[in-house]
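# Structural overview for review
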Protein chains: 2
Amino acid sequence: MNKQPLINFIQSNIQNIKVSDEAVLTISEMFEEREYAKNDFLLKAGKGSGYFFLAEGFMRAFTFDSEGNEVTTYFYTKNRVVFEAASFFMHQPSTESIQAVTPCKGYYTTFEKVNTLFHTVPEFREFGRLMLVREFVAYKQQTLAMINKSAEERYADLMDTNKEIFQYAQLKHIASFLGMTDTSLSRIRKEINKK
Amino acid sequence: MNKQPLINFIQSNIQNIKVSDEAVLTISEMFEEREYAKNDFLLKAGKGSGYFFLAEGFMRAFTFDSEGNEVTTYFYTKNRVVFEAASFFMHQPSTESIQAVTPCKGYYTTFEKVNTLFHTVPEFREFGRLMLVREFVAYKQQTLAMINKSAEERYADLMDTNKEIFQYAQLKHIASFLGMTDTSLSRIRKEINKK
DNA sequence: TTGATTTCTTGTCATTTGGCAAGTGGATTT
DNA sequence: AAATCCACTTGCCAAATGACAAGAAATCAA
């Protein structure tokens with residue numbers, strides 16, 4: 001089984017420490033290669049999240065608001081670690097589901113194994129913290145970008161910063177991610193194309 | 001100097017491990033007691049964040065949107081750790097400022113000292129991860145509550161879940177936190193009082 | 001290819017929210 | 001106590017966005 005992409009990813013994210021061959025082996029053994037077909041679920045609401053390095057593909061997280069409308073809360077691109085922090089670390093049932101938007105490949109592991117690695121492999125501890133911090137920071141920035149902007153600005157921002165989302169995701173999912181209806185998004189796209 | 005509240009807080013947040021007396025001492029030495037007067041800044045935009053256990057008082061984080069309007073991004077209540085994750089962990093200048101809304105007391109330390117503790121005190125490592133996860137989770141939940149709800153619902157939700165915010169914060173700060181103008185918030189309050 | 005299903009667009013109209021400016025009331029200063 | 005400042009409220013109108021429904025386009029299956 002080829003786990004080189006996973007190893008490369010971990011190594012490239014902790015430049016200051018060389019990951020020893022022994023650590024590489026220990027880490028590799030804890031992950032299993034996994035594939036998800038389009039629309040398959042990495043995580044279903046109500047379950048606990050695993051820990052998945054997305055090597056190929058595109059995923060989205062979603063939940064439901066108080067009126068039962070599906071709301072896309074996040075998009076994941078390749079070379080990212082995908083997990084739902086609340087359920088993964090706090091052992092609570094997830095309120096979010098995570099679904100493959102395109103066919104996906106990557107490496108999967110569980111909380112128990114991540115925890116073992118945290119306690120036995122210092123390099124992985126650093127890596128794990130970096131991933132958590134990075135997700136948090138990305139999430140905050142995304143949230144901040146949404147605040148006090150019009151629907152049209154939010155759309156324009158997303159086009160500037162994450163154009164790839166539009167290659168893969170459905171417009172209705174992008175619409176709910178941007179906090180608007182698909183109707184509004186459609187109209188905004190029409191307006192922008194005019195210009 | 002009395003650091004007992006800090007120790008109690010750390011101990012109470014890692015129930016599975018008893019923090020050794022030695023660890024307690026090491027941790028204590030890394031924190032210094034600090035007070036902030038009303039409107040003082042814990043963090044100014046452009047600087048790097050410290051790490052502050054808020055034992056008494058109430059704080060808020062804010063930044064500016066693309067049009068230069070001040071936007072409150074977060075409120076902190078006592079018995080919480082206050083830090084700005086992006087600047088603290090990634091060593092970037094903060095885009096947010098954090099300010100005391102009421103007089104505040106607590107215990108302050110720096111990234112270097114937190115990092116030293118992470119590497120030397122396993123209990124503190126666990127504690128630090130828990131704080132980070134908790135902030136992330138709280139932030140996500142807050143964000144989700146904002147999505148796909150009307151201004152009035154967002155107000156009602158905040159009243160239900162964080163009534164104390166209304167005791168301390170100015171309405172214009174609450175308004176920007178809720179993603180609306182102070183005018184709208186005022187109107188909404190009027191409507192709700194009618195009922 | 002054809003029919004069925006889903007996604008996206010568009011029109012009409014109602015509702016929500018914002019912008020602006022004036023006004024009220026309380027707190028602070030001198 | 002008077003003057004000043006600041007937070008908050010309110011009225012009026014405009015602009016942005018949503019709800020609903022119908023239609024066009026794309027996708028998928030047989």
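Data block above holds the structure.
This write-up is about the structure you can find in this document. Bear in mind the structure is a predicted one, so any value in this text is a computation, not a measurement.

Once that is clear, we can look at the packing of helix H4 (residues 111-120) of chain B against helix H5 (residues 122-146) of chain B. Residues and elements named next belong to chain B. Remark: H4 packs on H5, axes separated minimally by 6 Å, with the N-to-C direction vectors making an angle of 120°. Taken as axis vectors, H4 and H5 run oblique relative to one another. Between H4 and H5 lies a crossing of left-handed hand. On the side of H4, the interface is formed by Val114, Leu117 and Phe118, while H5 contributes Phe124, Arg125 and Gly128. Residues that form the contact of H4 with H5 fall into these classes: 4 nonpolar, 1 polar and 1 charged.

Residue and element names in this part refer to chain A. Read from one edge of the open sheet, 4 strands run S1-S8-S3-S6, paired in antiparallel fashion. If you trace the sheet from one side to the other, it starts and ends with strand S1 (32-36) and strand S6 (80-82), each paired once. With strand direction ignored, the average angle separating the axes of adjacent strands in the sheet is 35°.

Residue and element names in this part refer to chain B. The 4 strands lie next to each other as S1-S8-S3-S6, forming an open sheet whose pairing is antiparallel. What marks the edges here is a single partner per strand, and that holds for strand S1 (32-36) and strand S6 (80-82). Across this sheet, the average inter-strand angle for adjacent strands is 35°, counted without regard to direction. In this sheet, S6 lies alongside strand S3 (residues 51-56) in antiparallel orientation, the contact comprising 3 bridges. Each bridged residue has a counterpart across the sheet, and for Phe52 the counterpart in S6 is Val82.

Attention now moves to the pairing of strand S8 (residues 104-109) of chain B. The side chains of a regular strand alternate between both faces of the sheet. All names here are of chain B. Of the pairings in the sheet, the one linking S1 to S8 comprises 5 bridges and is antiparallel in character. From the neighbouring strand, Glu33 faces S8, where its bridge partner is Tyr107. Pairing between S3 and S8: 5 bridges, direction antiparallel. Following the sheet pairing, Tyr51 is matched in S8 by Thr109.

Before going further, it helps to examine the interface of chain A and chain B. The partner chain B presents 22 residues to the 22 residues of chain A that form the contact. At the level of secondary structure, the elements contributing two or more residues to the side of chain A that touches chain B comprise strand S5 (70-77), helix H3 (85-90) and helix H5 (122-146) of chain A. Among the residues forming the side of chain A that touches chain B, the class breakdown is 12 nonpolar, 7 polar and 3 charged.

Basis of the calculations
- Residues numbered from 1 in each chain as written.
- Chains lettered and ligands numbered in written order.
- Predicted model: local features only at pLDDT ≥ 70, side-chain atom pairs only at ≥ 80, totals over all residues.
- Axes fitted to C-alpha atoms, helices over the stretch in contact; angles between N-to-C directions.
- Helix = DSSP H or I, 4+ residues; strand = E, 2+ residues; numbered from the N terminus.
- Parallel < 35°, antiparallel > 145°, perpendicular 65-115°, else oblique.
- Left-handed = near helix turned anticlockwise from the far one by under 90°.
- Contact = placed C-beta atoms within 7 Å.
- Nonpolar A, V, L, I, M, F, W, Y, C, P; charged D, E, K, R; others polar.
- Pairing = 2+ DSSP bridges.

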